[in-house]
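# Structural features, examined
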Amino acid sequence: MIDFFSSPSNRELVATQLAEHLYLSLLPLLLGVLLALPLGRLAQRVRWLRGALQNTANVFYTIPSLALFVILPGLMGTPLLSPLNVIIALTLYTAALLVGPVRDALDSVPGHIVAAATAIGYRPGRRLFAVELPLAVPVLAAAVRVASVSNISLVSVGALVGIGGLGRLFTDGFQRDYPQQIIIGIVLTLLLALVVDLLLVLLWRLATPWARR
């Protein structure tokens, strides 16, 4: 590994792929959360949609990521090697993974607190963002952490269709029969998932100061 990083071109390659991996995994995470919030709220408020939305999300999540990366360009008219395909696919995967947890997180808010907020004049929108979502954060945070690790691992699959990220270290290493490069790609992917998970835990603690001991 020391020999690999002793080359300036290799260091530049790793830095570039790491930055691209972060972009391709975290942007869909953010977009997926924003998409899952209204869907989860809808599933919570409209009872007959609860099962339909969850079943649809479960079925969508079973689609192999590699197949979706290949299908999307044909459906949307984007170039096969466009990073947009990975971003859209992972956004949909994240939303599918989080619809149920968002619904459950909102269900976990005590009814008397919701009733009290309504009684003092909170309208539904303000009550959601000022009362329900903050109290639902502990339940929702666990699901977001799972989604972040899932995205970071799935980005690597994009290297099989020529899209960047740390997965390129795997494919290039196999093609060149260079085990060190493969190991470096694996280690960096694991470290990236760990660092992002720790940052999400920190954000969760900062967002819920009342939950600290």
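In the nomenclature of an unreviewed UniProt entry, the chain is known as ABC transporter permease subunit of Saccharopolyspora aridisoli. Per its UniProt entry, the chain bears the Sequence similarities (unreviewed entry) comment "Belongs to the binding-protein-dependent transport system permease family."

### Let's talk about the packing of helix H5 (residues 83–107) against helix H7 (residues 124–157)
Viewed as axis vectors pointing N to C, H5 and H7 meet at an angle of 145 degrees, and their least axial separation amounts to 9 Å. The handedness of the crossing between H5 and H7 is right-handed. Looking at the contact of H5 with H7 residue by residue, the classes come out as 19 nonpolar, 2 polar and 1 charged.

### Focus: the pattern of salt bridges
Oppositely charged side chains may form a pair once their charged atoms are brought near each other. A complete count under the given rule lists 5 salt bridges for this structure. A salt bridge links Arg 41 to Glu 132; the shortest N-O distance between them is 2.8 Å. On the criterion of sequence distance, the pair formed by Arg 41 in helix H2 (residues 8–45) and Glu 132 in helix H7 is long-range, its members being 91 residues apart. Residue classification places Arg 41 among the buried residues on the basis of a relative accessible area of 11%. The exposure class of Glu 132 is buried, given its relative accessible area of 3%. Measuring nitrogen to oxygen at the nearest pair gives 3.1 Å for the salt bridge that ties Asp 107 to Arg 50.

### Let's talk about the side chain of Thr 94
Tracing the chain through its elements places Thr 94 in helix H5. For Thr 94, the contacting residues outside a window of four places in its chain are Pro 28, Leu 29, Gly 32, Val 33, Ala 147 and Asn 151.

### Some words on the layout of surface pockets
By volume, the largest pocket is sized at about 410 Å³. Mapped by element, the contributors of at least two residues to the lining of the largest pocket are H2, H7 and helix H9 (179–207). The greatest single-element share of the lining of the largest pocket, amounting to 6 residues, is contributed by H7. Looking at side-chain class alone, the lining of the largest pocket contains 15 nonpolar, no polar and no charged residues.

### Let's talk about the nonpolar core
Leu 98, Val 102, Leu 106, Val 144, Leu 169 and Leu 188 are the most contacted members of the largest nonpolar core, which totals 26 residues. Put simply, the parts of the chain that give this core at least two residues each are H2, H5, H7 and H9. Top contributing element to this core by residue count: H7, with 8 residues. For Leu 169, the contacting residues outside a window of four places in its chain are Leu 13, Val 14, Gln 181, Ile 182, Ile 184, Gly 185 and Leu 188. In this structure, Leu 68, Val 86, Ile 87 and Val 155 belong to the second largest nonpolar core, which totals 14 residues.

The rules behind each value
- Residues numbered from 1 in each chain as written.
- Predicted model: local features only at pLDDT ≥ 70, side-chain atom pairs only at ≥ 80, totals over all residues.
- Heavy atoms only, no water.
- UniProt positions renumbered as here; feature names shortened; annotations may be inferred.
- Axes fitted to C-alpha atoms, helices over the stretch in contact; angles between N-to-C directions.
- Helix = DSSP H or I, 4+ residues; strand = E, 2+ residues; numbered from the N terminus.
- Left-handed = near helix turned anticlockwise from the far one by under 90°.
- Nonpolar A, V, L, I, M, F, W, Y, C, P; charged D, E, K, R; others polar.
- Salt bridge = Lys/Arg side-chain N within 4 Å of Asp/Glu carboxyl O.
- Buried < 20%, exposed > 50% of the residue type's maximum accessible area, 1.4 Å probe, protein only.
- Contact = heavy atoms within 4.5 Å.
- 1 Å grid on protein atoms, 1.4 Å probe; cavity = no way out; pocket = protein on both sides within 12 Å on 5 of 7 lines; lining within 4 Å.
- Points joined across faces, edges and corners; volume = space filled by probe spheres on them.
- Core = buried A, V, L, I, M, F, W, Y, C linked by side-chain atoms within 4.5 Å.

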